[in-house]
Amino acid sequence: MKQKQKNEINVRKLIIVLIVVDVIAAGFAIHYKNHIKNQEPQETAAVTAPAATAEPSVLPSAEPSAEPVQAMLQMAYPIQSYAPMTPDSTTGFKSSWYVNTVDGYVNNTNTFDTDTLDIINAGSTYENTVFYRDGLPYSAGAGYTVYFNASSTVDRTITVQAVNNDTGTVFSSMDCTLTSERTFFTFAFTPSETTFSGRLQFLLGKSANTDNEHTVTIDNIRITNDLNVEAVRINQVGYPASMQKRCTFLYNAGDLFDVVDADTNAIAYSGAIVNEMANADTGETNCYGDFTNLTKPGNYYIRAQIGVVSPVFTISEDPYAGLQKDLIHMLSLQRCGSTLDASWAGAFAHDTCHTGMATVLYMQDSYDVSGGWHDAGDYGRYVKTGSKAASDLLLAYLRNPDAYGDDTNGPESGNGVPDILDEARYELEWLMKMQRDDGGVNARVVTQSFAYDGVAPAMDDQALVLFPEESSSTAFHAGTMAMASMAFQTVDPDFAQKCLDSAERAETYLQKNSDNFFVKNPDDFSAGQYLDDDDKDGRFYAEAALYAATGKDDYRNRAKNLYIQDSKCANGVSWRQNGGYGRFLILCTPHLQGNDPDFYNALLESLRSEAEGLMSWVNGNGYNVSLDEYTWGSNQKAADNGTILAMAYSCTGEQKYLQAAGEQAAYLLGKNSLDFCFVSGYGKSSPTDLHSRIARAAGINLPGALAGGPDASREDTVTQQISWDVPSAKVYADSYNSYSTNEAAIYYNSALISLIGNLK
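Residues numbered from 1 in each chain as written. Predicted model: local features only at pLDDT ≥ 70, side-chain atom pairs only at ≥ 80, totals over all residues. Heavy atoms only, no water.

1. Concerning the state of the cysteines
Definition in use: What counts as a disulfide here is a pair of cysteine sulfur atoms lying within 2.5 Å.
The final tally for this structure, using the stated rule, is 0 disulfides. Looking at the unpaired cysteine 588, the closest cysteine sulfur is the one in cysteine 651, lying at 4.0 Å.

2. Observations regarding the sheet that holds strand E12 (residues 239–240)
Selection criterion: Only when DSSP finds a minimum of two bridges between them are two strands counted as paired. A run of H or I in DSSP becomes a helix once it reaches four residues, and a run of E becomes a strand once it reaches two; helices and strands are each numbered from the N terminus.
In space, the 8 strands of this open sheet follow the order E11-E13-E16-E15-E14-E17-E18-E12, with mixed pairing throughout. Because the sheet does not close on itself, it has two edges, and the strands there are strand E11 (232–233) and E12. Examined bridge by bridge, E12 and strand E18 (residues 313–316) share 2 bridges and lie parallel to one another. Pairing of proline 240 across the sheet is with serine 316, part of E18.

3. Some details on unusual backbone geometry
Quick note on the threshold: Exposure is judged per residue with a 1.4 Å probe applied to protein chains only, and the accessible area is read against the type maximum: over 50% gives exposed, under 20% gives buried, and values in between give partly exposed.
Positive phi values are uncommon outside glycine, yet asparagine 275 reaches one of about 55 degrees. Within the secondary structure layout, asparagine 275 lies in strand E15 (residues 267–279). Among the residues examined, asparagine 275 registers a relative accessible area of 22% and is labelled partly exposed. For aspartate 675, which is not a glycine, the phi torsion comes out positive at approximately 55 degrees. Tracing the backbone through its elements, the reader meets aspartate 675 in the loop between helix H15 (655–668) and helix H16 (693–698).

4. Some details on the pattern of salt bridges
For clarity, the threshold we go by: Note on definitions: salt bridges are taken to be side-chain nitrogens of Lys or Arg within 4 Å of carboxyl oxygens of Asp or Glu.
A complete count under the given rule lists 40 salt bridges for this structure. Salt-bridge contacts for lysine 684 lead to glutamate 230; the nearest nitrogen and oxygen are separated by 3.8 Å. Pair noted here: lysine 684 is in the loop between H15 and H16 and glutamate 230 is in the loop between strand E10 (214–225) and E11, with a separation of 454 residues, a long-range link. For lysine 684, a relative accessible area of 31% translates into the label partly exposed. The exposure class of glutamate 230 is buried, given its relative accessible area of 9%. A salt bridge links lysine 730 to glutamate 284; its shortest N-O distance comes to 3.2 Å.

5. Overview of the pairing of strand E7 (residues 170–178)
One ladder, built from 8 bridges, connects strand E6 (residues 156–164) with E7; its direction is antiparallel. Bridge assignment links threonine 159 to a residue of E7, and that residue is aspartate 175. In textbook terms, the turn of a hairpin is the stretch between consecutive antiparallel strands, and for E6 and E7 this stretch comprises 5 residues, one of which, glycine 168, has a positive phi near 80 degrees.

Rendered as structure tokens:
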């Protein structure tokens, strides 16, 4: 293949030298293969916790239309139809309290908040029958208080004790007289030794009045302490009031949890801790609690039965409103080819950058391809990641245009157009510059080497190199432009038509060039590549999006043929696999359901199948995250998976998909094993040293940026120093030099913008 590339280059040169019909020269395609973009890797942060002082106290499917509707998507099940479901306190529940008797006999029935002990035979001694919980962490000198209610069908005495199982030391005991009346008790103690093998036990053996069968009921046992040990993970940005809400416990934290009002110290909700399971990716044994039915806006924290707590979090109607704006504003700060004014860019202001002519690789031809966004921590610009980022913004807008305002403090804020469209347009106009006269789309524009750390964009004066067209880049471009024509139809019809024309020219090029071809970096280049080994998904996206935008049967038939050849071409919303954009577009426009119901049903089943594959991972771990592995860009993958799940809800109405989508956002925003919000400037702990050259040059952290996330492959010098004993989900370093885990990127941010947009 490399020799073929050289031969084609020589042919081009020969044609030019001999001055033989330059039209022929323009038609030659340089076909390259293989490789993937070299990007760049982060560390864990400290923990804080709040005080723990509170005491106990189906819509129908859209009708098909004969007329093309190009402006907005028509979901069969909009988010507004979501109805919170009562959390299940039985499935997956297993009590952590047990009965041990030497010579007695007790039937024990447990629910998450009540333990019913039918004592058939109390045994021969008071100590011979014990109701207990082991594995409690006690710290010497700390203050502990136990709260519980108890009653007995016969008057009797029981004793509550705090014990160190390692040494047998009884820290404290308290006798409790029980009657048939439910009585509230408190038991305070201070351990004299530190142990992780503490026990809380109730002695229920032989005493006065215990010869007869009787029932002891103990309910709502809670252990609090003054240490504020944080071992509960939550969404640090906050929970939407109408959506599912879950917290995750690092280990078995008891049978119940409380959601405590942080302002009043009153218990606002109590529920079961369920689904204990080992988690190899985190090295933990996780459980979770569901408090979906708590919808009252406010500030809260979680306290588990054994006393561990979470940070304070909020419940509100739209906790993501500010985050959404900052995620979009981060894209404004990535703008290339224009001046970033201090009035909106602040410390990131800089003069115009990278506006020189770009020379085509191995040729003398030069073109103006200025504009677009800097891709990530580097200053390269790539059609695949740019198309992915633009597609995400366009999809978010089409999904819910009313969710986006004109007030993100961006360069066009206040112009009457939602800033999400202004930002998308900036990238779309650059993508159009990357399109050749024959419709093919050049792959990328980069410099031979990454700019040095600390070099501001306007100071990077390296020569720009334009890489020739790729089939996958051209296909992704076509799909993105077709979706853009839908998004801009009512905002700017002329621009919408320009986008549609660009999409159709790219699609025509693809029809004439059926081969799959790529452009690989020369060996002496250190720039990124984003190479793809298949273009079927991009071609499907192009045909499907054009059908959604125009209703023309030719596009539908070509999309259908691609799907018949390989149904996987309709999957994914990443830069590498992007057919899912096209699948969703035609499922949510009226053409297909009325014109080809069999194809519609096939695509609907395809979406459901992809979502079900993700659900198997969501349900297989205590964080409900959809990741099957932690690789470079794992956070983008989690966000993309969330978008797929939200699409499945929109097309099927099955709430489990929407709930799972929300869990992907919660994971990224702090409900993870690192107790870390991966968006800079949000949550109680977040990235402070992102891999971003514009941030390094400005001397401050880049705000509103989603970091790449854990990478178990350890692909930079920082993560290579992390012990191989560290579980895969925790291989992350908040360090500029950890480019494989801590890099900012436009398509990371756009993936989260898309996910959040699909939750509104």
